[in-house]
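# A look at the structure
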Amino acid sequence: MAPISSDRLRFPCEPWKLVESIHVPGDAGTLETLFSLGNGHLGIRGAHWAGADAELPGTFINGFHETWDIKHAENAYGFARTGQRIVYVPDANNFNVVIDGEPLSLAESAVLNYRRSIDFATGVYECAITWDCRSGATVTTVERRAVGIQSRGSLGIELSLTADRLVSADITSLVVNRQDQPVEDHSAHDPRRSGRHAGRVLAPLHLQGSDGSLRLAWETAESRQRIGMAVDHWISAEGQPFETVVGEDESTVRYVLAVNEGDVFRLEKTVSYVVNTADADAADPGEVLASDAELGLVPFTEILAESARHYSEYWSTADITIGGQPEQQQAVRWSLFQLAQATARAGVAGIPAKGVSGSGYEGHYFWDQEVYLLPYLTYTNPAAARQVLESRHAMLPDARIRAKELSVDGALFPWRTINGLEASAYYAAGTAQFHIAAAISFAANRYQWASGDAGFGTEVGADLLIETARMWASLGFFGKDGMFHIHGVTGPDEYTAVVNDNLYTNVMARFNLRAAAALDHPGVPETERLVWHQAAERMSLPFDPDMEVYSQDNDFMTLEPWDWSTPKSKYPLLLNFHPLVIYRHQVLKQADTVLAMFLQWQDFTAVEKQRAFDFYDPITTGDSTLSACVQGIMAAEVGYSDVALKHFTEALFIDLDNTHQNTVDGVHIASTGGIWSSLVCGFAGMRDQGEVLHFDPRLPVEWDSLAFRLKVRGRVLSVELHQGSMSLALVPGPSADTTPLELSVRGQRLVIGVDTTTVPLESVPVPPPSEFPSMFPTAGLPVIGNARV
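Below or above, wherever it landed, is the structure these notes cover. (Residues numbered from 1 in each chain as written. Predicted model: local features only at pLDDT ≥ 70, side-chain atom pairs only at ≥ 80, totals over all residues. Heavy atoms only, no water.)

This model, assessed by the stated rule, comprises 46 salt bridges. The closest approach of N and O atoms between Glu 248 and Arg 200, which form a salt bridge, is 3.9 Å. Note that Glu 248 is positioned in the loop between strand E18 (243–245) and strand E19 (250–259) and Arg 200 in the loop between strand E14 (167–176) and strand E15 (202–210), a separation of 48 residues in sequence. Classification of Glu 248 as partly exposed rests on a relative accessible area of 35%. Given the relative accessible area of 35%, Arg 200 is considered partly exposed. Among the salt bridges present, the one from Glu 243 reaches Arg 254, with a minimum N-O distance of 3.8 Å. On the criterion of sequence distance, the pair formed by Glu 243 in strand E18 and Arg 254 in strand E19 is long-range, its members being 11 residues apart. Members of the salt-bridge network, linked through shared partners, are Arg 10, Glu 20, Asp 27 and Arg 116. (Salt bridge = Lys/Arg side-chain N within 4 Å of Asp/Glu carboxyl O. Helix = DSSP H or I, 4+ residues; strand = E, 2+ residues; numbered from the N terminus. Buried < 20%, exposed > 50% of the residue type's maximum accessible area, 1.4 Å probe, protein only.)

Here you go:
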C-alpha cells in the first residue's frame with residue numbers, strides 16, 4: 001500500500017506539514033520514520049508515547065556505535081575485521097497515561113478524534129488525541145516535541161491533558177534503554193536492515209534520580225563509547241512527583257493527581273545527551289558525563305524557539321517551489337525537511353544513510369553522502385559540506401593503512417563505516433567499490449569550485465585529491481594496448497560485481513587523476529604528475545561498436561539478458577536470487593553508466609548520452625533507491641520529459657509511499673538528496689565544475705513554475721523557471737555578496753546582478769528513440785531446428 005498518496009483523507013495535502021488525521025493500525029513503523037525529528041546529531045523516531053502503540057521506537061546519536069568481531073565463514077587476508085552498528089541510545093519519548101484506572105492507548109482505547117503533524121516551518125511534532133474513556137470522561141492529550149539546534153544534544157517534550165469532568169490522572173514518564181531489550185534481528189531476512197547484538201551493549205556507569213530529575217550514564221561494552229543523559233520534569237500543577245525510580249534499563253518519574261474540568265495539565269520533559277566527554281581517567285566518569293549533560297539542559301520553550309529560528313533561516317535559501325502541483329510540493333518540502341534533519345548539526349561527522357531517523361544500514365556512512373548529499377549541502381549550506389569533507393579527511397590515517405592492506409598506494413576509504421575502518425563483510429559489493437575514492441575527490445572539487453573557499457584546497461582538498469589519485473595510479477595498469485585499465489572492481493550497480501574496466505569507475509577515476517594532476521602542490525613530484533596525466537588520458541572506456549553504446553564494463557554486453565517475465569514478487573532481486581545468478585545476467589540495480597554521464601557531463605556527446613539512456617533505462621530494476629532520481633535527471637537532459645517526470649515522482653515518494661518496503665528503518669536520506677538534484681540539475685538543468693555555472697532547463701509541461709535559490713561563491717542566486725522563460729538574480733542580504741556572477745543558459749553567457757535577468761526558452765523537442773540490434777537470451781533454449789543452441 002502507498003500510505004500517503006493513496007489516502008488523502010487520512011493524509012491531507014498541506015504545503016508546510018505532513019499530517020495524519022485518522023489513525024489506522026498496521027503501518028506504525030513506517031510512520032515512525034516519516035514523523036521523525038532530528039538535527040544531524042540527535043534524532044528521535046516519530047513513535048507514539050504509549051508503548052503499546054509503537055513498533056520500532058528509538059533515539060539515535062550520529063556516530064555513537066558499538067563494535068564486534070566479524071566472523072567470516074571462510075576468512076581471507078584483508079577482509080573487514082570489525083563490525084560497527086549505531087546504538088539505540090536511552091529513549092525519553094515514553095509515557096504511561098492512566099485516566100480513572102484506564103491505561104490510554106490507541107490499541108485498546110476508544111478514540112473520538114485524532115490528528116498528528118510534523119511542521120516543516122518550525123520543526124515541531126504534535127499529536128492531539130481525544131479519548132472516550134470508559135469512566136465517561138472525554139479527555140484530550142496533546143504531545144509536542146522538538147530537538148535543539150544550537151543545543152544540538154537537547155530534546156524537549158511536552159504532554160498536556162484536559163478533561164470535560166474531574167478525572168484522576170496517573171502519568172508516568174519513562175526513560176527506556178531500548179538497545180538491550182529483546183528484539184528480533186531483522187537483518188537475517190533483509191541485509192538492508194540493521195542487525196542486533198548478541199550480548200548486552202550498554203553497561204550503566206551512573207544512575208541517580210530524585211524529585212523528577214534523572215542523571216544517567218552508560219558505556220558500550222566493546223567500543224567503550226560513553227553517553228550521559230540528564231532529564232528534568234516540570235508540571236503546571238503544584239506538588240512533587242509521586243515517585244522517582246532509577247534503573248539501568250528503565251527509569252521512571254510518576255505523577256498522581258486530580259485534573260479538574262477545563263483545566264490544562266502540562267508536563268514538560270527536557271532532555272540532554274552528551275557523548276564521550278568524560279576523561280577516561282576520571283574517578284567517576286559516569287558522574288562527569290551526567291554533570292556535563294545537566295549543563296546542556298535547555299527549557300522546552302527555548303528548544304521550540306531554537307527550532308523555529310533555524311527553520312525560518314533554512315527555508316529562506318533551501319525552499320524549492322513548484323507551481324500548480326500541491327501534492328508534489330508537499331512531498332518536496334518533506335524531502336528538504338529530512339535533508340535538514342539529517343545534516344544541520346552533524347558537526348565534523350559523516351551523514352548516515354538513514355540520517356538519525358533509524359538504524360537501517362547500521363548507521364554507516366557510504367558514498368551516498370558525497371554523490372547525493374554534498375551537492376545539496378554545497379549549494380545550500382556550504383559550511384556543513386566542508387565539515388562532511390573534513391570528516392573524510394580525518395579518516396585518512398586509517399585509509400592509508402587500508403590501502404596497504406589492499407596493496408595499493410595512497411588512501412583507500414572504507415565502503416561503509418562509522419569510525420573510519422571498513423565494516424563491509426561482503427567484499428564483492430563492499431571493498432571492491434573503489435569508486436568511493438573518486439566520489440570523495442569529486443565532492444571536494446565541487447565544494448571548492450562552488451564555494452571559492454581557497455583555504456580548503458590547501459587544508460583538506462589537496463590531501464583528498466592527491467591520496468586518492470595515488471590509489472588509482474597503483475590500482476590500475478597500462479596494458480599491452482597502451483590504455484590504462486582498472487580491473488577487479490565493482491561500480492555503483494551492485495548487480496554486476498568484481499569486473500574489469502567498469503565504465504563509471506574509470507570515468508570518475510579519470511576525473512580524479514586529472515584534478516590531482518592539475519594541482520600546484522609541492523608534495524607532488526613532476527614524474528608522479530605525468531603518470532596521473534597519462535593514466536587519465538589513456539583511460540580505457542569500454543564501448544560496444546555493434547550497439548554503439550558505452551558498455552558498463554568489458555564483459556557486460558556478453559552477458560545473458562535478464563528474463564523480464566520474472567514476477568514482481570521476486571523483486572528486489574537481491575532478496576530472491578543468489579548473487580551469482582544476478583551477476584551473470586544483463587540486469588541493473590541502479591543507473592551506473594548513466595550516472596557517470598551525469599557527473600562527467602562534459603565528457604560525452606548528446607548522442608552518446610541518449611543511446612546510453614535508451615539502452616540502460618529499460619534494464620534497470622530500480623531496486624536501489626538511488627536510481628530513479630539519476631534516471632530522471634538524464635531523461636530530462638535527453639529530452640524525454642514524460643519519462644523524467646515519471647522517474648522523479650517515483651523517487652519523490654520512495655519513503656512517503658514506502659515503495660521499497662524498508663522505510664521502517666529510516667528515511668533514505670541519499671534519495672532525498674537526489675530529489676534536490678532532480679529539481680536543480682534535472683528540470684533546471686544545472687551543471688557545474690566547468691568554466692561557469694551552466695543551466696539547460698527542462699521544465700515539465702505539467703508544471704507552472706519551478707523556483708529555488710543557490711549559494712554560489714558567497715552569493716545567493718535566485719532561479720525561477722516558467723514555461724518559456726528563466727529568470728535569474730542575485731539576492732541582496734546582510735552577508736551576501738552581490739558582485740555580478742557570470743553563468744550560462746543554454747550556451748549563452750550572462751552576467752547576473754541584483755536586477756532580474758530573464759531569458760526566453762524554446763521548448764526541447766523529443767528525440768526519436770535509439771534503435772539497437774536484437775538482444776535475446778541464448779542460454780537454456782532447448783532446440784532450434786536440429787541445432788542445439
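From this point, the narrative continues.
Strand order in this open sheet of 10 strands is E1-E2-E10-E11-E12-E13-E20-E17-E16-E15, and the pairing throughout is antiparallel. Single-partner strands in this sheet number two, and they are strand E1 (13–14) and E15. Inspection of the sheet shows strand E13 (residues 154–163) paired to strand E20 (residues 265–275) by 8 bridges, in the antiparallel sense. Bridge pairing in E20 places Leu 159 opposite Leu 267. (Pairing = 2+ DSSP bridges.)

Looking now at the side chain of Asp 617. Its location among the elements puts Asp 617 in the loop between helix H14 (606–616) and helix H15 (627–638). At a separation of 2.5 Å, a polar atom in the side chain of Asp 617 contacts the side chain of Gln 631. Excluding anything up to four places from it in sequence, Asp 617 contacts Ala 612, Gln 631, Val 643 and His 647. (Polar contact = N/O pair within 3.5 Å; in protein donor to acceptor, adjacent residues only side chain to side chain. Contact = heavy atoms within 4.5 Å.)

Moving on, we come to the packing of aromatic side chains. This model, assessed by the stated rule, comprises 29 aromatic pairs. An angle of 85° between the planes, with centres 5.4 Å apart, marks the rings of Tyr 550 and Phe 604 as edge-to-face. You can see Tyr 550 sitting in strand E25 (residues 549–550) and its partner Phe 604 sitting in the loop between helix H13 (593–599) and H14, a full 54 residues away along the chain. Considered together, Tyr 550 and Phe 604 belong to a single accessibility category, that of buried residues. A ring pair is formed by Phe 615 and Phe 772, whose centres lie 5.6 Å apart and whose planes are at 70°; its orientation type is edge-to-face. Taken together, the positions of Phe 615 in helix H14 and Phe 772 in the segment after strand E35 (757–760) put the pair 157 residues apart, joining distant regions of the chain. Look at Phe 615 and you get buried, because its relative accessible area is 8%. (Phe/Tyr/Trp six-rings, centres within 6.5 Å; stacked < 30°, edge-to-face > 60°.)

With 19 residues, helix H3 (residues 300–318) ought to run about 27 Å at 1.5 Å a step, and its terminal C-alpha atoms sit 26 Å apart, in line with that. Turning to H3, its buried residues number three or more, namely Phe 300, Ile 303, Leu 304, Glu 306, Ser 307, His 310, Tyr 311, Tyr 314, Trp 315, Thr 317 and Ala 318. On an axial view of H3, the arc spanned by its buried residues comes to 160°, and they lie on one face. Facing away from the buried surface of H3 by more than 90 degrees, the exposed residues are Thr 301, Ser 312 and Glu 313. (Expected span 1.5 Å × (residues − 1). Arc of directions from axis to C-beta.)

By volume, the second largest pocket amounts to about 720 Å³. In terms of lining, the second largest pocket is formed by 34 residues, of which the most central are Glu 313, Thr 317, Thr 380, Asn 381 and Lys 711. Listing elements by their share of the lining of the second largest pocket, those giving two or more residues are H3, helix H4 (326–343), helix H5 (368–380), helix H6 (382–394), helix H8 (436–451), strand E30 (705–712) and strand E31 (715–722). Element by element, the count of residues in the lining of the second largest pocket is highest for H3, at 7 residues. Split by residue class, the lining of the second largest pocket holds 15 nonpolar, 12 polar and 7 charged. (1 Å grid on protein atoms, 1.4 Å probe; cavity = no way out; pocket = protein on both sides within 12 Å on 5 of 7 lines; lining within 4 Å. Points joined across faces, edges and corners; volume = space filled by probe spheres on them. Nonpolar A, V, L, I, M, F, W, Y, C, P; charged D, E, K, R; others polar.)

In this fold, Arg 611 is placed in helix H14. Comment: no salt bridge for buried Arg 611; closest opposite-charge side chain is Glu 548, at 4.3 Å. (Lys, Arg positive; Asp, Glu negative; His and termini not counted.)

Before going further, it helps to spend a moment on the sheet that holds strand E32 (residues 725–730). Spatially, 5 strands are ordered E21-E30-E31-E32-E35 in an open sheet, and the strand pairing comes out antiparallel. Since the sheet does not close on itself, it has two edges, and those belong to strand E21 (321–323) and E35, each with one partner. The average undirected angle you get between the axes of adjacent strands in this sheet is 20°. Alignment of E30 against E31, held across 8 bridges, turns out to be antiparallel. (Axes fitted to C-alpha atoms, helices over the stretch in contact; angles between N-to-C directions.)

Moving on: the packing of H8 against helix H9 (residues 454–475). Running from N to C, H8 and H9 point in directions that differ by 155°, and their axes come no closer than 9 Å. Relative to H9, H8 is oriented roughly antiparallel. With respect to the hand of their crossing, H8 and H9 are arranged in left-handed fashion. For the pair H8 and H9, the contacting residues are Ala 437, Ala 438, Ile 440, Ser 441, Ala 444, Tyr 447 and Gln 448 in the first and Ala 454, Phe 456, Gly 457, Leu 464, Leu 465, Thr 468, Met 471 and Trp 472 in the second. Its residues placed into classes, the contact of H8 with H9 shows 11 nonpolar, 4 polar and no charged. (Parallel < 35°, antiparallel > 145°, perpendicular 65-115°, else oblique. Left-handed = near helix turned anticlockwise from the far one by under 90°.)

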